[in-house]
Amino acid sequence: MSVTDHPTAPPATTVPLGQPGADGRWQPTRAGIVNSWAWASEDLLFADGWLTLAGPNGSGKSLTASMLVTVLLDADTSQTALSVSGKAAGTLTSRHTDFNDREDRTGAWWLEYGLRDPGTGEVRFLTTGLWLRATGGHLHRAFFLAPARIGTDLLLQRDREPVRIEDLAEQLAACDGELFTASPSLRTKALAHLPVVEDERDYRSTIRTRLFAPLDEVQFDALIAVLRSLRSLRTAEAISPTRMRQVLTDALPALDTDSLTLIAEAMERIAELETQLQRTRDEAKLLQSTDRAYRRYLTTVAQTQAAALTAANTEVDDQTRRTREATSQLQAAQAAEAAADTEHTATLSRISELEGRLEAADSELRGHAGADLPLREIRAAELATAAEEAAERAEQATTDASAATEQADSSADLARTSQHHLLRLADELRHTASTLGAEAAIERLLAATGQLTSADIGSNTAIDIDALCATPGAWAEARTSQIRAVDDALRRHQLAQEAEYTAAEELRAAEDGEDTHRRLAAEATAHRQHTEHELASRTTEWSAATRQLEPAPSELTTCPDDERRVDLGQLTTWLASAAAAARARIDLPRHQQTAATDAALAAEAAATAERARAVHQAAQAAAAEAMAAYRDAQETARAETEEAERQRDQAHAAYQQATDAARADLAAAQQRWNAGVDAAARTAPHLAGGRTPLARRPRPSVRRGHPGTRRPRTGLPRGRHRDLAGHLPPGRHRTDGTARTRGHRSAPAPPR
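Everything quoted here is computed from the prediction, not taken from an experiment.

### Quick word on unusual backbone geometry
Trans peptide bonds make up the majority, and among non-glycine residues the majority have a negative phi.
Here is step 1: Residue P214 is reached from A213 by a cis peptide bond, and omega for that bond is 10°.
Here is step 2: Its location among the elements puts P214 in the loop between helix 6 (202-211) and helix 7 (217-231).

So, in structure tokens, the structure goes:
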């Protein structure tokens, strides 16, 4: 059954008083006080684990509940632990002696628990208690724990006198009980009857392991803190959910230092892992952004280089075309110039010839008498006209030659400009190629550019454009393939990093599991070593206590180290051999005779026990009859009390009705009297000296309730708050806020 499981118990009305109602867990069944504080000797019965202490304020309900609930659980007797409010208010000595610290007094507080086996229905009992002895202002105390019942197996008073510590220790030894004390004098007296007297500080852990298993120390501290916090609340007052939440929150214990350290280390590791994870995510984002930027850069560079290369190729083609056109124009101009020179030379020759003929004609004319002079004038005019035409043609040829020369010069200048521009493009291309590492790819292109730039003006240079562009194009495609390979490598690297992170997380989980397994193994080893040490010590004690057996070997009585374990086979072999040797040493006939004598004595003792059993059964029958009579008397008294209460309520109701009727009649009579007085005052004659007022009849006071009656006090007075001592071990909780119990007792009034 887990800590939070609450098994269903039968209804409280079917559970006898002083018996556990739930199965499989401890429940308080009885409690009692002997000669302590204002109690003389009192037994308190629980009903299904519930107990109600009713009484007026200041009667000691909270004090009694705190002594039974918290002190007998954790043995904390400090003033703050004893006080309901949590503040220092009185010591255990003052409570025990009823604030008379110099009084010598012996007393005890006890609380009994019951456990019903769900399988067999058998009920086991366990009693916790506190024995107190105040002498001369000093208090001796001893806590005890016994699997016995007070009044049956364990007595706390004899002849109305509390038992002494020696008597209590002897009874605890008889019923396998335990005693816990820090007083040296009590320890010395108790050791005369008990084999072991434990320290008072061990009482708390013993209670936890016996009654509240499997709660650990932290959970037990939380339970005690909650009980103390709930003890400070009063059931008669309204408790808001906020107040209850605050009380329960304040009751939570502080975290254990080791657990807090472990949590802090875990949180620190988690923070480091989160920091690493965030840093990894930031790095991944940076890598992704870098990858995108690098891709954009590569794309831009490739596009730029491709555009530059295309533009350079286009420019080279255009420049080559312009160079060819300029060369053609230069050749045409040169041919035209040569033709013009030839024609000019021919024209000059003809002019010279015509001038010679003109001079010859003039000479002949001068020598002739003038017979053919008109003809010669006509011929001279024709020759002059022809000369003028030839001069015009020569001048036109000169003009054409000049224009051709100018055109050739401009073509040569354009060719030289194109060569210079091609040099600049080649330099830019060479710089870009050196940046990208593509010198080999544009080597032929640069060589062709060098040929074009170093060629003479007018020369014809043949260049294959497709062959020149093939190598740069292949380099661009190879570089694009490399970029794609880099992208694939980056993607694989990212996947590898993710796989590495996953493997790191799995490694951390495996390391955490390994640490847990190592811790469990260390705990198991420590538990084994503790068990083996305890076995060795118990073997040593038992070997020392036996007188007929030989001493145990040293390897069985010495504590084994970490490498060696206890050999159970050797222990069994030694026990068999020691028993055989002891049987060989025993005098069998004498022991048989002793056994026969003991058998006769046992038979006589059995007969005596049978007679005592018969007497005991008769006494039990008489006690049962007396108890039945006592219960019948209680039932009769209760019935008579209820009948008397009912009659009193009826009489009180009748009296109340009569009082109300009399009050109504009196009020009506008063009204009638006042009306008559007013009427008489209006109609009666008056003296001249003034009016004589008539006195109104005074209204008698009427008290509620009969002056001679008084409500009888019951065991549960009205208007008084109650303190509840509820379930102590973890279990069911009632929702009605009260305990239905028979035979509840009122706490005694405080002494005056």
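### Regarding the packing of aromatic side chains
Here is step 1: Overall, the coordinates contain 4 aromatic pairs when judged by the stated rule.
Here is step 2: For the ring pair F212 and F220, a centre distance of 5.4 Å and an interplane angle of 55° mean the geometry is tilted.
Here is step 3: Among the aromatic residues, those joined into a ring-pair cluster are F143, F180 and Y203.
Here is step 4: Sitting over the ring of F125, R149 keeps its end group 3.8 Å from the ring centre.

### Considerations on a negative patch on the surface
Here is step 1: Taken together, the side chains of E388, E389, E392 and E395 make up a negatively charged region of the molecular surface.
Here is step 2: Inspection of the secondary structure assignment puts E392 in helix 10 (residues 373-436).
Here is step 3: Residue E392 is classed as exposed on the basis of its relative accessible area, which comes to 56%.

### Quick look at the environment of A40
Here is step 1: By the element assignment, A40 lies in strand 2 (residues 39-45).
Here is step 2: Among the residues examined, A40 registers a relative accessible area of 56% and is labelled exposed.
Here is step 3: Through-space distance from the C-alpha of A40 to that of R160 is 9.2 Å; in sequence the pair is 120 residues apart.
Here is step 4: The contact partners of A40, leaving out residues within four places of it in the chain, are I33, V34 and N35.

### Structural notes on the nonpolar core
Here is step 1: Core analysis: the largest hydrophobic core is formed by 41 residues, its most contacted members being M67, L73, W109, L130, F143, I207 and F212.
Here is step 2: Counting residues per element, this core draws most heavily on helix 1 (residues 61-74), which supplies 8 residues.
Here is step 3: With near-sequence residues (within four places) excluded, L130 lies in contact with M67, V71, L72, L92, G107, A108, W109, R141, A142, F143 and F144.
Here is step 4: W110, F144, L156 and A169 belong to the second-largest nonpolar core, a separate cluster that totals 22 residues.

### Some thoughts on the sheet that holds strand 1 (residues 27-36)
Here is step 1: Here we have 6 strands laid out as an open sheet, ordered 2-1-4-5-6-9, and antiparallel in their pairing. Each having just a single partner strand, strand 2 and strand 9 (178-181) make up the two edges of the open sheet. Across the sheet, the mean angle from the axis of one strand to that of its neighbour is 15°, orientation sign disregarded.
Here is step 2: Bridging between strand 1 and strand 4 (residues 105-116) involves 7 bridges; their strand directions are antiparallel. Bridged to R30 within strand 4 is E112.
Here is step 3: In this fold helix 4 (residues 165-174) packs onto strand 5 (123-135), strand 6 (138-146) and strand 9, with an angle of close to 15° to the strand it touches most, strand 6.

### Some words on the environment of Q494
Here is step 1: Secondary-structure assignment places Q494 in helix 12 (residues 465-545).
Here is step 2: By relative accessible area, Q494 is classed as partly exposed at 29%.
Here is step 3: In this structure the C-alpha to C-alpha distance between Q494 and A284, which are 210 residues apart in sequence, comes to 7.8 Å.

### Observations regarding the environment of A75
Here is step 1: Examined against the element boundaries, A75 turns out to sit in the loop between helix 1 and helix 2 (79-82).
Here is step 2: Sequence-wise, A75 and I207 are 132 residues apart; in three dimensions their C-alpha atoms are separated by 9.7 Å.
Here is step 3: Apart from the residues within four sequence positions on either side, A75 is in contact with T70, F143, E200 and Y203.

### So, the pairing of strand 5
Here is step 1: Pairing of strand 4 with strand 5 involves 12 bridges; the strand directions are antiparallel. Residue pairing in the sheet places Y113 in a bridge with L126 of strand 5.
Here is step 2: What sits between strand 4 and strand 5 in their antiparallel hairpin is a turn of 6 residues, with G121 showing a positive phi close to 80°.
Here is step 3: Taken together, the 9 bridges between strand 5 and strand 6 define a ladder with antiparallel strand orientation. In the strand pairing of strand 6, T128 is matched with L145.
Here is step 4: Hairpin connection of strand 5 to strand 6: 2 residues between the antiparallel strands, including G136 at a positive phi of 60°.

### So, a nonpolar patch on the surface
Here is step 1: Taken together, Y294, Y297, V486 and L490 make up a surface patch of nonpolar side chains, about 350 Å² in accessible area.
Here is step 2: Going through the elements one at a time, helix 9 (257-367) and helix 12 are the ones with two or more residues in the nonpolar patch.
Here is step 3: Tracing the chain through its elements places V486 in helix 12.

Rules behind the numbers
- Residues numbered from 1 in each chain as written.
- Predicted model: local features only at pLDDT ≥ 70, side-chain atom pairs only at ≥ 80, totals over all residues.
- Heavy atoms only, no water.
- Helix = DSSP H or I, 4+ residues; strand = E, 2+ residues; numbered from the N terminus.
- Phe/Tyr/Trp six-rings, centres within 6.5 Å; stacked < 30°, edge-to-face > 60°.
- Lys NZ or Arg CZ within 6 Å of the ring centre and 35° of its normal.
- Patch = residues over 30% accessible without salt bridge, like charges linked within 9 Å, V, L, I, M, F, W, Y side chains within 5 Å.
- Areas by Shrake-Rupley, 256 points an atom, 1.4 Å probe, with all protein chains shown as cover.
- Salt bridge = Lys/Arg side-chain N within 4 Å of Asp/Glu carboxyl O.
- Lys, Arg positive; Asp, Glu negative; His and termini not counted.
- Charge placed at Lys NZ, Arg CZ, Asp CG, Glu CD.
- Buried < 20%, exposed > 50% of the residue type's maximum accessible area, 1.4 Å probe, protein only.
- Contact = heavy atoms within 4.5 Å.
- Core = buried A, V, L, I, M, F, W, Y, C linked by side-chain atoms within 4.5 Å.
- Pairing = 2+ DSSP bridges.
- Axes fitted to C-alpha atoms, helices over the stretch in contact; angles between N-to-C directions.

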